[in-house]
Amino acid sequence: MKLLVSACLLGVPCRYDGKAKTHDGALSLFGRHTLIPFCPEIYGGLPTPRPASERQGERVVAKTGNDVTEQFRRGAEEALRLCRLYGCEAALLKERSPSCGHGAIHNGLFDGGLVEGDGVTAALLLQNGIAVFGESEWERLP
Ligand code: SF4
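Below is a summary of the structure that appears in this document.

What counts and what doesn't
- Residues numbered from 1 in each chain as written.
- Predicted model: local features only at pLDDT ≥ 70, side-chain atom pairs only at ≥ 80, totals over all residues.
- Heavy atoms only, no water.
- Helix = DSSP H or I, 4+ residues; strand = E, 2+ residues; numbered from the N terminus.
- Rg over C-alpha atoms; globule rule 2.2 N^0.38 Å.
- Buried < 20%, exposed > 50% of the residue type's maximum accessible area, 1.4 Å probe, protein only.
- Contact = heavy atoms within 4.5 Å.
- Areas by Shrake-Rupley, 256 points an atom, 1.4 Å probe, with all protein chains shown as cover.
- Phe/Tyr/Trp six-rings, centres within 6.5 Å; stacked < 30°, edge-to-face > 60°.
- Pairing = 2+ DSSP bridges.
- 1 Å grid on protein atoms, 1.4 Å probe; cavity = no way out; pocket = protein on both sides within 12 Å on 5 of 7 lines; lining within 4 Å.
- Points joined across faces, edges and corners; volume = space filled by probe spheres on them.
- Nonpolar A, V, L, I, M, F, W, Y, C, P; charged D, E, K, R; others polar.

### Here's the deal with the overall build of the chain
- Scanning the chain from N- to C-terminus turns up four helices and eight strands.
- Ordered by position from N to C terminus, the α and β elements of the chain give β-α-β-α-β-β-α-β-β-β-α-β.
- Computed over its C-alpha atoms, the radius of gyration of the chain comes to 14 Å, within 12% of the 14 Å expected for a compact globule of 142 residues.
- Counting only C-alpha atoms and orienting by the principal axes, one finds that the chain spans roughly 40 × 25 × 25 Å.
- Counting across all 142 residues of the chain, residues that qualify as buried make up 45%.
- In the chain, 63% of the contacts between residues at least 6 apart in sequence involve partners at least 24 apart.
- Of the roughly 7000 Å² of accessible surface on the chain, a fraction of 50% belongs to carbon and sulfur atoms.

Next up, the structure:
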């Protein structure tokens with residue numbers, strides 16, 4: 001299976017704080033699947049490191065107050081374009097991220113709290129029929 005994977009899970013230091021979030025389960029999929037590393041925030045035009053951002057309804061706002069909705073949308077569209085180009089059936093994405101999170105994301109208050117919802121990229125992929133798994137669900141992948 002071809003899988004789009006949050007690049008930070010595969011060891012790429014692309015998070016807002018300039019670090020990776022390497023995940024052994026994600027790495028273990030290398031032998032069985034074709035993994036396509038992708039970071040929607042970088043492809044949306046944001047630098048690394050960058051201020052943390054959170055969804056506030058339809059908008060995405062950086063901790064500095066900047067509206068970064070457009071960059072997050074652009075990154076999501078690039079993710080979808082790559083999924084179509086490679087024929088990805090599913091994506092393994094970093095949980096809780098305002099881009100990649102699925103099911104629960106930070107609440108927009110920058111206080112560590114979570115709300116039900118999806119990151120911008122996860123939502124667009126789901127809307128287009130691409131299954132989304134969080135890293136804690138990696139064992140559900142065939
Ligand atoms: Fe990882 Fe996604 Fe955040 Fe990029 S946008 S650092 S891939 S969680």
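### What to know about helix α4 (residues 120-127)
- Most of α4 sits inside the fold, with six of its eight residues counted as buried.
- Within α4, the full set of buried residues consists of Val-120, Thr-121, Ala-122, Ala-123, Leu-124 and Leu-125.
- At the C-terminal side of α4, Gly-129 shows a positive phi close to 80°.

### A short note on the packing of aromatic side chains
- Within this structure, the stated rule accounts for one aromatic pair.
- With a centroid separation of 4.6 Å and an interplanar angle of 35°, the aromatic rings of Phe-38 and Tyr-43 are classed as tilted.
- In this structure Phe-38 comes out as buried when scored by relative accessible area, which is 3%.

### Brief notes about the pairing of strand β4 (residues 59-62)
- Sheet analysis places strand β3 (residues 53-56) next to β4, joined by four bridges and oriented antiparallel. Following the sheet pairing, Ser-53 is matched in β4 by Ala-62.
- The antiparallel hairpin formed by β3 and β4 contains two residues in its connecting segment, where Gly-57 sits at a positive phi of about 65°.

### Focus: the layout of surface pockets
- Considering only enclosed or pocket space, the largest pocket measures out at about 500 Å³ in volume.
- Around the largest pocket sit 26 residues that line it, and Arg-15, Tyr-16, Arg-96, Ser-97 and Pro-98 are the ones nearest its centre.
- Among the elements of the structure, α2 (40-43) and β3 are those that each provide at least two residues to the lining of the largest pocket.
- When the residues that make up the lining of the largest pocket are grouped by side-chain class, the tally is 12 nonpolar, six polar and eight charged.
- Roughly 180 Å³ of volume is contained in the second largest pocket.
- Contributing to the lining of the second largest pocket are Arg-55, Glu-58, Val-60, Thr-69, Phe-72, Arg-73, Ala-76, Glu-77, Val-120, Ala-123, Leu-124 and Gln-127.
- Every element with two or more residues in the lining of the second largest pocket is listed here: α3 (69-86) and α4.

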